[in-house]
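In case you want the letters, here they are:
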Amino acid sequence: MTQAQFQARIDADIKIEPKDWMPEAYRKTLIRQISQHAHSEIVGMLPEGNWITRAPSLRRKAILLAKIQDEAGHGLYLYSAAETLGKTRESMIDDLHTGKAKYSSIFNYPTLSWADMGSVGWLVDGAAIMNQVALCRTSYGPYARAMVRICKEESFHQRQGYEVIMTLCRGTAAQKQMAQESLNRWWWPALMMFGPKDEDSPNTEQAMKWRIKRFTNDELRQRFIDATVPQAEFLGLTIPDPDLKWNEERQHYDSGNINWEEFYQVIAGNGPCNTARLAARQKAHDEGEWVREAAMAYSKKQEQRNKQVA
Amino acid sequence: MNNWPLWEIFIRSRQGLDHKHVGSLHAADAQMAIENARDVYTRRMEGVSIWAVESTNIHASNPDEADSLYEPSNDKPYRHPTFYDIPKEIGHM
Ligand SMILES: [Fe+2]
Ligand SMILES: [Fe+2]
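Here the residue index of a chain counts from 1 through its sequence in written order. For naming, the first written chain is A and the first written ligand is 1, with later ones following in the order written. Per-residue local features are limited, in this predicted model, to residues with pLDDT of at least 70; the limit for side-chain atom pairs, both in listing and counting, is 80 or more; totals at the level of whole chains, interfaces and linings are taken over all residues. Side-chain metrics in this entry use all non-hydrogen atoms of the structure; hydrogen atoms and water are not considered.

A tally of regular secondary structure across chain A gives 13 helices and 2 strands. A radius of gyration in this sense is built from C-alpha atoms; the matching globule rule multiplies 2.2 Å by the number of residues raised to 0.38. In terms of overall size, chain A behaves like a compact globule, its C-alpha atoms giving a radius of gyration of 21 Å where 310 residues would be expected to give roughly 19 Å. Viewed in the frame of its principal axes, chain A has a C-alpha envelope of about 70 × 50 × 35 Å. Buried positions account for 52% of the 310 residues belonging to chain A. Numbering of helices and strands runs from the N terminus, with a helix taken as a DSSP run of H or I at least four residues long and a strand as a DSSP run of E at least two residues long. Accessible area is worked out with a 1.4 Å probe on protein chains only. A residue is then buried under 20% of its type maximum, exposed over 50%, and partly exposed in between.

Dropping the structure here:
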């Protein structure tokens, strides 16, 4: 198959499957994007894990546990999709731990109050959903199928988060204040989740051509803002952007400038929690080493025993 | 480092339906593969039965040969019921 034939398949919306011929750059781009996405799901469990033992009720605790378990599942669906491209799980994990692979910048922010469990579900999962719904139609079959599975589960994540915030907003003045303070901290980092502005995102054009990406960063960001502003208004919360206003002509919200310097600092490893997040992952991996070994040893022993019996 | 083998997971979503491929996972043995598959792929009652097959045991046709492999059935339209003209009076057949 030639590059032109490959592009023709993509243009006809025919999915690419693992054993199909593909340009090396397509494979590389996918491995980078899917594994980065998988790492984000896994590292993303940490900020929420921080609140499991302090959830205010058994109901909230059960919900939070179920949500975090879903995120582990999402990580696994995605690792499994990336492995079909010929990269081993082990090397992906290595890339995460050595800092060669990135994960979403959002998870380098701390979860300081219970309201943050609401903001994470409402805004962080909300932003992730915008991205993931678009990716259900991505050109690589295993990635698209993983996304469909993930999207089915995400809706609960966002709704439970919104419910947490809504409950606080209907509570005491102090509780509502806690919700507002949390929104103030998460709003801008949530907008950064969509990645750099289109003009600063050199890979977007090729990714769109290959239909790995179906919408640009700015398109998805705008969609998120338009969807979220009314949700905040309903709660009586104020989005911390003085320049935010409805533009009748565009039929979209206009919004203020994002602090891109902060974004690039966090990506470069200088966010509030980068070191702690990676250290936690590395520690879990190291301390699980003996379990992985023991399970393999047990399986080999069982196999031998079964042979002797047979 | 001890790498657990890769398993392909197939799930029957409801009694009476086929097992369908849902993805893969790593596990030390078949039993663990099934237990992990339950946790990863059936958290919301998506299945009533799980098959786990070690990935190395799956043999796939080569997509580059798809044309020659499936082409021959393309020129045998008489295998399809619509190939035959049956008078309307006969009704459904
Ligand atoms: Fe997720
Ligand atoms: Fe989620």
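Assignment of secondary structure puts Glu48(A) in helix α3 (residues 45-49). With a relative accessible area of 2%, Glu48(A) lands in the buried category.

All names here are of chain A. Donor criterion used throughout: N, O or S atom within 2.8 Å of the metal, extended to 3.2 Å for Na, K and Ca. Water excluded; incomplete-looking sites may result. Around the iron ion (ligand 1), the protein supplies Glu41 (OE), Glu71 (OE), His74 (ND1) and Glu154 (OE) as donor atoms, at distances of 2.1 to 2.4 Å. Irregular is the label for any site that misses the other tests, which are tetrahedral for four donors with all angles between 85 and 135 degrees, and square planar for four donors or octahedral for six when opposite donors exceed 155 degrees and the remaining angles lie between 65 and 115. For the iron ion (ligand 1), the 4 donor atoms in the first shell make angles of 81 to 157 degrees at the metal, so the coordination geometry reads as irregular. All donors of the iron ion (ligand 1) come from a single chain, and their spacing in sequence reads E-x29-E-x2-H-x79-E. Separating the iron ion (ligand 1) from the iron ion (ligand 2) is a distance of 3.3 Å, and Glu71 supplies a donor atom to each of them. Taken together, the positions of Glu41 in helix α2 (residues 24-43) and Glu71 in helix α4 (residues 58-83) put the pair 30 residues apart, joining distant regions of the chain.

Looking now at the interface of chain A and chain B. On the side of chain B, 22 residues touch chain A, which itself brings 23 residues to the contact. Buried surface at the junction of chain A and chain B, both sides included, amounts to about 2000 Å², of which 52% is carbon and sulfur. Per-residue buried area on chain A facing chain B is highest for Glu90(A), Arg149(A) and Met296(A); these three make up 24% of the total on that side. Basic side-chain nitrogens of Lys or Arg form a salt bridge, by our definition, when they fall within 4 Å of a carboxyl oxygen of Asp or Glu. The interface formed by chain A and chain B holds 4 salt bridges in total. Asp70(A) serves as the salt-bridge partner of Arg44(B), at 2.5 Å between the closest nitrogen and oxygen. We call two N or O atoms a polar contact when they sit within 3.5 Å, provided that within protein one can donate a hydrogen and the other can accept it, with sequence-adjacent residues counted only if both atoms are side-chain atoms. Taken together, the connections running from chain A to chain B amount to 12 residue pairs in polar contact (both at pLDDT 80 or more). The set of elements that each furnish at least two residues to the side of chain A that touches chain B consists of α4, α5 (89-98), α7 (141-169) and α13 (289-309) of chain A. Two residues form a contact once any of their heavy atoms are found within 4.5 Å. We define buried area as the total accessible area lost by two parts upon association, computed with a 1.4 Å probe and summed across both.

Residues and elements named next belong to chain B. With respect to the helices and strands, Ser55 occurs in the loop between β3 (49-54) and α2 (66-70). In this structure the C-alpha to C-alpha distance between Ser55 and Ala28, which are 27 residues apart in sequence, comes to 13 Å. Within the structure, the side chain of Ser55 is placed 2.9 Å from the side chain of Glu8, a separation counted as a polar contact.

What follows covers the pattern of salt bridges. Where charged atoms from two side chains of opposite charge approach closely, those side chains can pair. Scanning all chains against the criterion turns up 25 salt bridges over all chains. Residue Arg9(A) pairs with Asp20(A) through a salt bridge whose shortest N-O separation is 3.5 Å. On the criterion of sequence distance, the pair formed by Arg9(A) in helix α1 (residues 3-11) and Asp20(A) in the loop between α1 and α2 is long-range, its members being 11 residues apart. For Arg9(A), a relative accessible area of 22% puts it in the partly exposed group. With a shortest N-O distance of 3.2 Å, Asp39(B) and Arg38(B) are connected by a salt bridge. Given the relative accessible area of 46%, Arg38(B) is considered partly exposed.

Time to look at the nonpolar core. Joining through side-chain atoms within 4.5 Å is the link that ties buried Ala, Val, Leu, Ile, Met, Phe, Trp, Tyr and Cys residues into a set, and such a set is a nonpolar core. One finds Tyr26(A), Ile34(A), Trp122(A), Tyr140(A), Trp187(A), Phe224(A) and Leu25(B) to be the most contacted residues of the largest nonpolar core, which totals 96 residues. A per-element tally of this core places α7(A) first, with 11 residues. In this structure, Leu25(B) is in contact with Pro5(B), Leu6(B), Trp7(B), Ile9(B), Ala33(B), Asn36(B), Ala37(B), Val40(B) and Tyr41(B), ignoring residues within four places of it in sequence.

All names here are of chain A. Stacked, tilted and edge-to-face pairs are distinguished by plane angle, under 30 degrees for stacked and over 60 for edge-to-face with tilted covering the rest, among Phe, Tyr and Trp rings (Trp via its six-membered ring) whose centres lie within 6.5 Å. Counting across every chain of the model gives 14 aromatic pairs over all chains. Plain terms: the ring middles of Phe6 and Tyr26 are 5.0 Å apart, the flat faces sit at 75 degrees to each other, and that makes the pair edge-to-face. Note that Phe6 is positioned in helix α1 and Tyr26 in helix α2, a separation of 20 residues in sequence. Tyr26 carries the same exposure label as Phe6, and that label is buried. Centroid distance Phe263 to Tyr264: 5.1 Å. Interplanar angle 75 degrees. Geometry classified as edge-to-face. Residue Tyr264 is classed as partly exposed on the basis of its relative accessible area, which comes to 38%. Members of the aromatic cluster, connected to one another through ring pairs, are Phe6, Trp21, Tyr26 and Trp210. Cation placement over rings: the criterion is NZ of Lys or CZ of Arg within 6 Å of the ring centroid and within 35° of the ring normal. One residue, Arg54, lies across the ring of Trp51, its end atom 4.0 Å from the ring centre. A cation sits over an aromatic face here: Arg149 above Tyr77, 5.7 Å from the ring centre.

Caution applies to low-pLDDT parts of the model: their predicted coordinates are not meant to be read in detail. The pLDDT score gives, residue by residue, the confidence of the prediction method on a 0 to 100 scale. In the predicted model, chain B carries a mean pLDDT of 91, and the fraction of residues at 70 or more is 97%. Overall fold confidence (pTM) sits at 0.92, and the ipTM for the predicted complex is 0.86.

Protein-derived ligands of the iron ion (ligand 2) are Glu71(A) (OE), Asp125(A) (OD), Glu154(A) (OE), Glu154(A) (OE) and His157(A) (ND1), with the metal-ligand distances lying across 2.0 to 2.8 Å. If you list the donors of the iron ion (ligand 2) from N- to C-terminus, the spacing comes out as E-x53-D-x28-E-x2-H.

Here the focus is unusual backbone geometry. All names here are of chain A. Notably, Asp13 is not glycine yet its phi reads approximately 60 degrees, a positive angle. For Asp13, the position within the fold is in the loop between α1 and α2. Look at Asp13 and you get partly exposed, because its relative accessible area is 42%. Phi at Gln251 takes a positive value of approximately 60 degrees, unusual for a residue other than glycine. When you line up the elements, Gln251 lands in the loop between β1 (245-247) and β2 (252-254). Here Gln251 falls in the partly exposed class, since its relative accessible area comes to 43%.

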